[in-house]
Amino acid sequence: MGPIMARAFREGVEQKKRVKTNVRRRSWSPLRDLRGLKTRTERIGEAMGPLVEIPAMVRIENEHWVFERIEEGTLHNLTHKLILHEEDGQKVIGATTDMETAMKVAKCMAIKEHRIVMIQPL
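Residues numbered from 1 in each chain as written. Predicted model: local features only at pLDDT ≥ 70, side-chain atom pairs only at ≥ 80, totals over all residues. Heavy atoms only, no water.

The next thing to look at is unusual backbone geometry. Backbone geometry at H114 places phi at a positive 55 degrees, although glycine is not the residue there. Note that H114 resides in the loop between α4 (99–113) and β5 (117–121). Among the residues examined, H114 registers a relative accessible area of 69% and is labelled exposed. (Helix = DSSP H or I, 4+ residues; strand = E, 2+ residues; numbered from the N terminus. Buried < 20%, exposed > 50% of the residue type's maximum accessible area, 1.4 Å probe, protein only.)

As a rule of thumb, nonpolar side chains are buried together in soluble globular proteins. Residues L82, L84, I93, A102, V105, A106, M109 and V117 constitute the largest nonpolar core, which totals eight residues. Listing elements by their share of this core, those giving two or more residues are β3 (80–86) and α4. The dominant element in this core, judged by the number of residues it contributes, is α4, at four residues. Leaving out residues up to four positions away in the same chain, L82 has contacts with K91, V92, I93, G94, T96, A102, V105, V117, M118 and I119. (Core = buried A, V, L, I, M, F, W, Y, C linked by side-chain atoms within 4.5 Å. Contact = heavy atoms within 4.5 Å.)

This part is about the confidence of the model for the protein. Averaged over the protein, the pLDDT score is 77; the fraction of residues at 70 or greater is 80%. Across the protein, element-level confidence peaks in β5 with a mean pLDDT of 87 and bottoms out in helix α1 (residues 2–11) with 58. (pLDDT = per-residue confidence, 0-100.)

Of the pairings in the sheet, the one linking β3 to strand β4 (residues 89–96) comprises seven bridges and is antiparallel in character. Among the inter-strand pairings, E86 is bridged to a residue of β4, identified as G89. Counting the residues between successive antiparallel strands, the hairpin from β3 to β4 contains two residues. Pairing geometry for β3 and β5, over five bridges, is antiparallel. In the sheet register, L82 faces β5, and the bridge partner there is I119. (Pairing = 2+ DSSP bridges.)

Here is the structure:
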């Protein structure tokens with residue numbers, strides 16, 4: 001059986017016994033396929049209204065930064081803004097409700113990230 005099987009694999013399948021199928025080409029046009037997603041995203045963006053820059057509320061728990069959503073009432077209680085100086089200008093990284101938290105964040109950034117954070121009163 002061994003030599004017969006080896007010959008079958010070597011010679012292949014006879015022409016008249018081969019299965020014939022139509023090869024179907026799938027056309028993929030990413031722009032057409034993503035058009036619906038783009039229009040839906042634009043519609044949702046328009047319904048949400050204009051973008052407003054809101055600083056993130058930052059807490060540090062167990063050596064991890066925790067970012068929270070801010071309620072509108074909390075925005076009125078923010079007292080200090082945290083700013084990083086970068087090559088292309090200043091970048092606001094958040095705001096805090098007291099000076100003690102602002103100092104903790106600035107100290108943590110200085111130790112771990114080797115970055116200087118400017119604390120600016122609001």
